[in-house]
Amino acid sequence: MSPDSDTTCLGVRVRGIVQGVGFRPFVYRLAADTGLSGWVRNTSDGVQIEVEGPRRSTGLFLRKLREAAPPLSHIDEVTTEECPPRGFARFEIRESLFEEGKSQLVSPDIATCPACLEELLDATDRRHQYPFTNCTNCGPRFTIITDMPYDRSKTTMRSFAMCPECQAEYDDPLDRRFHAQPNACPVCGPSLSLLDAHGATVECADPLAQTSTLLKKGAIVAIKGLGGFLLACDATSPQAVRLLRERKQRPAKPFAIMVPDLEVAAQHCDVSEQESSLLASPAAPIVLARWKDSSSICHEVAPSLLYLGLMLPYTPLHHVLLRHCEMPLVMTSGNLSEEPIAAGNEEALRRLADIADYFLMHNRPIHSRYDDSVAMVVDGTVQMLRRARGYAPNPVALPFEAPRILATGAQTKNTFCLTRGHHAFVSQHIGDLDSVETLDHFEATILLYTKLFRAEPELVAHDLHPDYLSTRYAQDMSQRGLRTCAVQHHHAHIAACMVENGVTEPVIGVAFDGAGLGADGHIWGGEFLVCDFAAFRRVGRIEYLPLAGGDAATLRPYRTAVGYIMTLFGNGGLDRSPFLLGQLAEGEGDIIARQVGSGLNAPLCSSMGRLFDAVAAIAGLRHRIAYEGQAAVELEMAAHRHGGPAPTGRYAFQVDKTDGTYVLGVAPLLSAVLDDIHAGQPASLVAAAFHEAVAQMTADMCSRIAADSGIRTVALSGGIFQNRLLLHRVRALLGEAGLNVLLHTTLPSNDGCVSLGQAVVAAHAT
Ligand SMILES: [Zn+2]
Ligand SMILES: [Zn+2]
Ligand SMILES: [Zn+2]
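The rules we used
Residues numbered from 1 in each chain as written. Chains lettered and ligands numbered in written order. Predicted model: local features only at pLDDT ≥ 70, side-chain atom pairs only at ≥ 80, totals over all residues. Heavy atoms only, no water. Salt bridge = Lys/Arg side-chain N within 4 Å of Asp/Glu carboxyl O. Helix = DSSP H or I, 4+ residues; strand = E, 2+ residues; numbered from the N terminus. Buried < 20%, exposed > 50% of the residue type's maximum accessible area, 1.4 Å probe, protein only. Phe/Tyr/Trp six-rings, centres within 6.5 Å; stacked < 30°, edge-to-face > 60°. Pairing = 2+ DSSP bridges. Axes fitted to C-alpha atoms, helices over the stretch in contact; angles between N-to-C directions. Contact = heavy atoms within 4.5 Å. Patch = residues over 30% accessible without salt bridge, like charges linked within 9 Å, V, L, I, M, F, W, Y side chains within 5 Å. Areas by Shrake-Rupley, 256 points an atom, 1.4 Å probe, with all protein chains shown as cover. Lys, Arg positive; Asp, Glu negative; His and termini not counted. Charge placed at Lys NZ, Arg CZ, Asp CG, Glu CD. Donors = N, O, S within 2.8 Å, 3.2 Å for Na, K, Ca; no water. Tetrahedral: all angles 85-135°; square planar, octahedral: opposite > 155°, others 65-115°. Domains from an automatic or database assignment.

### Overview of the pattern of salt bridges
Alright, step 1. Taken as a whole and judged by the stated rule, the model has 34 salt bridges.
Alright, step 2. A salt bridge links Arg559 to Glu588; the shortest N-O distance between them is 3.0 Å. Here the residue Arg559 occupies a position in helix H15 (residues 557-569), and Glu588 occupies one in helix H17 (residues 588-598), the gap between them amounting to 29 residues.
Alright, step 3. By relative accessible area, Glu588 is classed as buried at 7%.
Alright, step 4. A cluster of three or more residues bridged by salt bridges with shared partners is formed by Arg13, Arg15, Asp45 and Glu77.

Right, dumping it as structure tokens:
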């Protein structure tokens, strides 16, 4: 056979995360290495290649294309077709092709890579200490992209013209910055400025060094990062942290800490190997790690907690700042209380003027707000608590083909979800939909995702709750002629957990959370379901108890406890509860008695979250909360302090079965809690015994339901499973019972997962 007759030409299309991750330079080098000619280009739905040469070489090219792909890329699909030989003289990178209607993936923002960090710290490098250094392996992506395909003209870097040196890097296929769209240097790229609280420029030679000086003096500085402004202060100074809490109106919710490297992280926390690699990963989330007693970080950062949220610098700006400061910094979202993070310069000056003393700004606009992600490791498994930077908008793979659905999510910890084909794009964490600012962020981000992923919805899924702003948004869309589908909150939780694990067969779903509207109009939250994507049966639940004052009880756990005790034991039950009696204002006991007696303003609920609240209040740990979940978190911390195995025995739920549904009575359990507290037992012992009782009840119920239904797989969801002690015990006990356990793999178990579940259920609703 002559060499010519062996020449073949292959057309190749690659889909997945293949733009903004150095894929074209990789293809260029691979073609050179394998001696092939042809071209590569970005298209609207991926990367398109033609390679020509000996058949053996094109085969090698195809194999290496998958095996040696750049670390940040993710190949979903490679399709090939033979074409007639074209006679290409060389290999080249061609202009991107825009194809209307096609969609492709968008890379999340990526933490500074080791090569860029080395340049940043090298006094002889032209990017020494330049806070916007990046390359094809790292830097901003999602937060600067205004449209696809990913080119500089469609990012917020479009106004920065590259200098000749940067342009040469950008044009050289063998350079690390070849086609790095945010490529920049001190000559041509974004720059910093330091402003005071009135917006006046602070004259200084080096804004980063000056910021560090101010932080050392106890100032609060708003620092513009990737997805918004973070508020920084000295984490070792109780005065600075208290001042930040006061101004931010955030009395107790823990703050995250940034430390320069893993070595310093280990001075403050016990960081496991797995936690270290998560901290140092390209996504670089905040990781909750066990706080050391010897840490110099003041306790005001995370009052009464045993775990600290740590993160490493993820932009060059942070790396340089932390090296100047030589102290750990509080780094918390630049907002007032629960509002969305401030992103624009003018906006930050306006919204954060009463919080920050100074503003460290830059002139690269942020196109989409993007909070820091939060994760923890439990028994070797990573669990997300908040999913944004570094993760969104990576899609969840669907084991079925979905129509284009918009699922509007829950009211708190909102995310929304857009589906297209086999992809579910779950938005970054949006927040609690109870302010105009958050609602604006929600709507703007829906429009952005619809545009980026070319996913104009045909169907809108939403929660059953009529008053959620996410539900109202969906109903507004129905008035524009779109079909809608209401999905029960806990069914959505379990469907999300299933689909993240690629499971399509029916499961036993355990959904424990604070509250979600049930199909019967009551408040659910301690639920055992048997379900698949299309439908669910409620096979078990905590007994219904009245929530005295509704939302007022959620904010004041002692009201929940008093209402439960009056309902279960009569007014005499309170005599056993020294801590609760002390909380009641004049006449408040009578009001609660009337509410639970009449049912007026006392909705019935089966919530596990409220049961945790009630026990925390009876144990004297927490009577009023300053942030959602505080009572449950402090009950968990008390249980950790107990150490050792917890006694159970009297701590048990009473199981009854009516009309095929298991109902879990809490009277024996609460009675035992009241007795122990009355007898002067420590709260830590009560907390530990309560956790053990919940874990044993959960495993016992799942065993019964498994025997009834023949289903051997249990999916766990709901914010209560962010409790690492409970998750550890439930998982262990279910394992001992021979049941297969599914946990969330991608999204948080809290209401951040609800939008995905809504989309999955809506896709299967008939
Ligand atoms: Zn880099
Ligand atoms: Zn430059
Ligand atoms: Zn929920």
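### Digging into the packing of aromatic side chains
Alright, step 1. Scanning the entire structure with this criterion turns up 15 aromatic pairs.
Alright, step 2. On the numbers, 5.5 Å between centres and 70 degrees between planes, the contact of Phe23 with Phe26 is edge-to-face. You can see Phe23 and its partner Phe26 sitting in helix H1 (residues 23-33), three residues apart, about one turn around the helix. Exposure class is identical for Phe23 and Phe26. Each is buried.
Alright, step 3. Relative to Phe528, the ring of Phe512 has its centre 5.7 Å away and its plane inclined at 85 degrees; by these criteria the two rings are edge-to-face. Placement of Phe512 in strand S22 (residues 507-517) and of Phe528 in strand S23 (residues 523-531) is noted, with a sequence separation of 16 residues between them.

### Some remarks on unusual backbone geometry
Alright, step 1. A cis geometry characterises the amide bond from Met148 onward to Pro149, with omega recorded as 0 degrees.
Alright, step 2. Here Pro149 lies in the loop between helix H3 (114-121) and helix H4 (164-171).
Alright, step 3. The peptide bond linking Ala392 to Pro393 adopts the cis configuration, its omega dihedral lying at 5 degrees.
Alright, step 4. Along the chain, Pro393 turns up in the loop between strand S16 (381-386) and strand S17 (396-402).
Alright, step 5. Despite not being glycine, Gln249 has its phi angle at roughly 55 degrees, a positive value.
Alright, step 6. Of the residues examined, Gln249 reaches a relative accessible area of 51% and is grouped as exposed.
Alright, step 7. A positive phi angle, close to 50 degrees, is found at Lys413, a residue other than glycine.
Alright, step 8. Examined against the element boundaries, Lys413 turns out to sit in the loop between strand S18 (405-407) and strand S19 (417-426).

### Looking at the sheet that holds strand S5 (residues 91-93)
Alright, step 1. Strand order in the open sheet formed by five strands is S4-S1-S3-S2-S5, and the pairing between neighbours is mixed. Strand pairing shows two members of the sheet lacking a second neighbour, strand S4 (74-83) and S5, which therefore form its edges. Here the strands of the sheet are splayed against their neighbours by 15 degrees on average, with no regard to which way each runs.
Alright, step 2. In the sheet, strand S1 (residues 7-17) pairs with strand S3 (residues 46-54) via eight bridges, with the strands oriented antiparallel. Its bridge partner lying in S3, Leu10 is registered against Val51.
Alright, step 3. Across the sheet, H1 lies against S1, strand S2 (37-43), S3, S4 and S5, angled at about 175 degrees from S5, the strand it touches most.
Alright, step 4. Strands in contact with helix H2 (residues 55-67) are S1, S3 and S4; relative to S3, the strand with the most contacts, it is inclined by about 150 degrees.

### Concerning a negative patch on the surface
Alright, step 1. Residues Glu437, Asp440, Glu443 and Asp476 make up a contiguous surface patch of negative charge.
Alright, step 2. Broken down by element, the residue count for the negative patch peaks at three residues, all from helix H11 (residues 436-452).
Alright, step 3. Note on placement: Asp440 falls in helix H11.

### Some details on the coordination of the zinc ion (ligand 3)
Perfect tetrahedral coordination of a metal by four donors corresponds to 109.5 degrees between them, and perfect octahedral coordination by six donors corresponds to 90 or 180 degrees.
Alright, step 1. In this structure, His489 (NE2), His493 (NE2), Asp513 (OD) and Asp751 (OD) serve as the protein donors to the zinc ion (ligand 3), at separations of 2.0 to 2.2 Å.
Alright, step 2. One can describe the donor arrangement at the zinc ion (ligand 3) as irregular, given that its four donor atoms subtend angles of 92 to 158 degrees at the metal.
Alright, step 3. Of note, the donors binding the zinc ion (ligand 3) are all from one chain and are spaced H-x3-H-x19-D-x237-D. Pair noted here: His489 is in helix H13 (residues 489-500) and Asp751 is in the loop between strand S30 (740-742) and helix H23 (754-764), with a separation of 262 residues, a long-range link. Comparing His489 with Asp751, the two get one shared label, buried.

### Digging into the environment of Ile542
Alright, step 1. Tracing the sequence through the fold places Ile542 in strand S24 (residues 536-542).
Alright, step 2. The spacing of Ile542 and Thr661 is 119 residues in sequence and 10 Å in space, taken between C-alpha atoms.
Alright, step 3. Residue contacts for Ile542: discarding those within four places in its chain leaves Gly526, Ser606, Ser607, Met608, Leu611, Leu664 and Val666.

### Regarding the domain arrangement of the protein chain
Alright, step 1. Partitioning the protein chain into domains gives domain 1 (4-93), domain 2 (114-171), domain 3 (192-375), domain 4 (395-499 + 751-764) and domain 5 (523-532 + 539-742).
Alright, step 2. Using C-alpha coordinates to define each centre, domain 1 is positioned 36 Å away from domain 4.

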